[in-house]
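Residue-level structural notes
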Amino acid sequence: DAGVTQSPTHLIKTRGQQVTLRCSPKSGHDTVSWYQQALGQGPQFIFQYYEEEERQRGNFPDRFSGHQFPNYSSELNVNALLLGDSALYLCASSLLGLQTYEQYFGPGTRLTVT
Amino acid sequence: GQQVMQIPQYQHVQEGEDFTTYCNSSTTLSNIQWYKQRPGGHPVFLIQLVKSGEVKKQKRLTFQFGEAKKNSSLHITATQTTDVGTYFCAVTLMEYGNKLVFGAGTILRVKS
């Protein structure tokens, strides 16, 4: 049973550039959430995708956008990168219909903006 | 403002000692989840508490949900070096829909 996978593992970008991160959910899961985790902090919710639509969004600017594909995989796009965007980006999958909202996290993508 | 406060921020214990982390909210919670993140790793789900006053145990870990559903605790009995990591509580707040809001975490270090 494949868990949540993310790519790439690490990424270095320059200010102003754009980046795309990818996530494949755990087998059988239909919902993907993205989180940003700065060093020494808890994960901060960016947004959640279900049925290829953004279902919920956290307090992140429009520079952060996403997409979910018919196979439930997802992408996170960040435009006009800032130094403050450097963080670990975590993808988590879950099943929307379950009473529990247990999140299965992927290993993350470490983004460094220079 | 911060929706959920987690204390302490950091704890360093001798192997075999007990450890407790607390999560507090000013509003009534629908439920609370606990996650563990090993150094360099990603958060791993431990448990979810839903009912007022609920107590759940997983081997040496005991999880409690307050009667008013505004606070929770995670207690580890006789810590081992494998317990090292950051423990996060995460809550869903009705005014924020079903978004999961994480606490800042408690870093646990264990001296052997």
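In short, a report on the structure.

Basis of the calculations
Residues numbered from 1 in each chain as written. Chains lettered and ligands numbered in written order. Predicted model: local features only at pLDDT ≥ 70, side-chain atom pairs only at ≥ 80, totals over all residues. Heavy atoms only, no water. Helix = DSSP H or I, 4+ residues; strand = E, 2+ residues; numbered from the N terminus. Rg over C-alpha atoms; globule rule 2.2 N^0.38 Å. Buried < 20%, exposed > 50% of the residue type's maximum accessible area, 1.4 Å probe, protein only. Areas by Shrake-Rupley, 256 points an atom, 1.4 Å probe, with all protein chains shown as cover. Lys, Arg positive; Asp, Glu negative; His and termini not counted. Charge placed at Lys NZ, Arg CZ, Asp CG, Glu CD. Salt bridge = Lys/Arg side-chain N within 4 Å of Asp/Glu carboxyl O. Contact = heavy atoms within 4.5 Å. Buried area = accessible area lost by both parts, 1.4 Å probe. Nonpolar A, V, L, I, M, F, W, Y, C, P; charged D, E, K, R; others polar. Disulfide = S-S within 2.5 Å. Polar contact = N/O pair within 3.5 Å; in protein donor to acceptor, adjacent residues only side chain to side chain.

Now for the overall build of chain B. Helices and strands together make up the secondary structure of chain B, namely zero helices and eleven strands. Over its C-alpha atoms chain B spans a radius of gyration of 13 Å, differing by no more than 12% from the 13 Å that the globule rule assigns to 112 residues. Summarising its shape, the C-alpha atoms of chain B cover approximately 45 × 25 × 20 Å along the three principal directions. The 112 residues of chain B split such that 48% are buried. Carbon and sulfur atoms make up 51% of the accessible area of chain B, which amounts to about 5400 Å² in all. Of the side chains in chain B, 12 bear a positive and 7 a negative charge, and the two mean positions are spaced by 6 Å.

This part takes up the pattern of salt bridges. Close approach of charged atoms lets side chains of opposite charge pair. Inspection of every chain in the model, using the stated rule, returns five salt bridges over all chains. With its nearest N and O atoms 2.9 Å apart, the salt bridge here joins arginine 63 of chain A to aspartate 85 of chain A. Note that arginine 63 of chain A is positioned in the loop between strand S6 (53–57) and strand S7 (64–68) and aspartate 85 of chain A in the loop between strand S8 (74–78) and strand S9 (87–94), a separation of 22 residues in sequence. With a closest N to O distance of 3.6 Å, lysine 56 of chain B and glutamate 54 of chain B form a salt bridge.

Of the residues lining the interface, 20 residues belong to chain A; the matching set on chain B comes to 18 residues. Contact between chain A and chain B buries roughly 1500 Å² in total, counting both sides, with carbon and sulfur atoms accounting for 54%. Looking at the side of chain A facing chain B, the largest losses of area belong to Gln56, Tyr101 and Phe105 of chain A, adding up to 33% of the total buried there. Where chain A packs against chain B, one counts zero salt bridges. Within the residue set of the side of chain A that touches chain B, elements represented by two or more residues are strand S4 (31–37), S6 and S9 of chain A. In terms of residue count, the dominant contributor to the side of chain A that touches chain B is S6 of chain A (three residues). The residue inventory of the side of chain A that touches chain B, partitioned by class, reads eight nonpolar, nine polar and three charged.

Turning next to unusual backbone geometry. Cis geometry is found at the peptide bond from serine 7 of chain A to proline 8 of chain A, where omega equals -10°. Of the consecutive residues isoleucine 7 of chain B and proline 8 of chain B, the connecting peptide bond is found in the cis state with omega at -5°. Within the element layout of this structure, proline 8 of chain B appears in the loop between strand S1 (4–7) and strand S2 (10–14). The phi torsion at glutamate 52 of chain A lies on the positive side, around 65°, for a residue other than glycine. One can find glutamate 52 of chain A in the loop between strand S5 (44–50) and S6. Unusually for a residue other than glycine, alanine 80 of chain A sits at a positive phi of about 45°. Assignment of secondary structure puts alanine 80 of chain A in the loop between S8 and S9.

Where two cysteines share a covalent bond between their sulfur atoms, that bond is called a disulfide. All names here are of chain B. In total, this model carries two disulfides over all chains according to the counting rule given. One disulfide bridge connects cysteine 23 with cysteine 89, the sulfur atoms lying 2.0 Å from each other. Disulfide cysteine 23-cysteine 89: torsion about the S-S bond near 65°, hence right-handed. One end of the pair, cysteine 23, is in strand S3 (residues 19–25); the other, cysteine 89, is in strand S9 (residues 85–92), with 66 residues separating them in the sequence. The same class applies to cysteine 23 and to cysteine 89, which are both buried.

Residues and elements named next belong to chain A. In this structure, serine 86 sits in the loop between S8 and S9. Given a relative accessible area of 27%, serine 86 falls into the partly exposed group. Among the polar contacts listed, one links the side chain of serine 86 to the backbone nitrogen of valine 113, at a separation of 2.8 Å.

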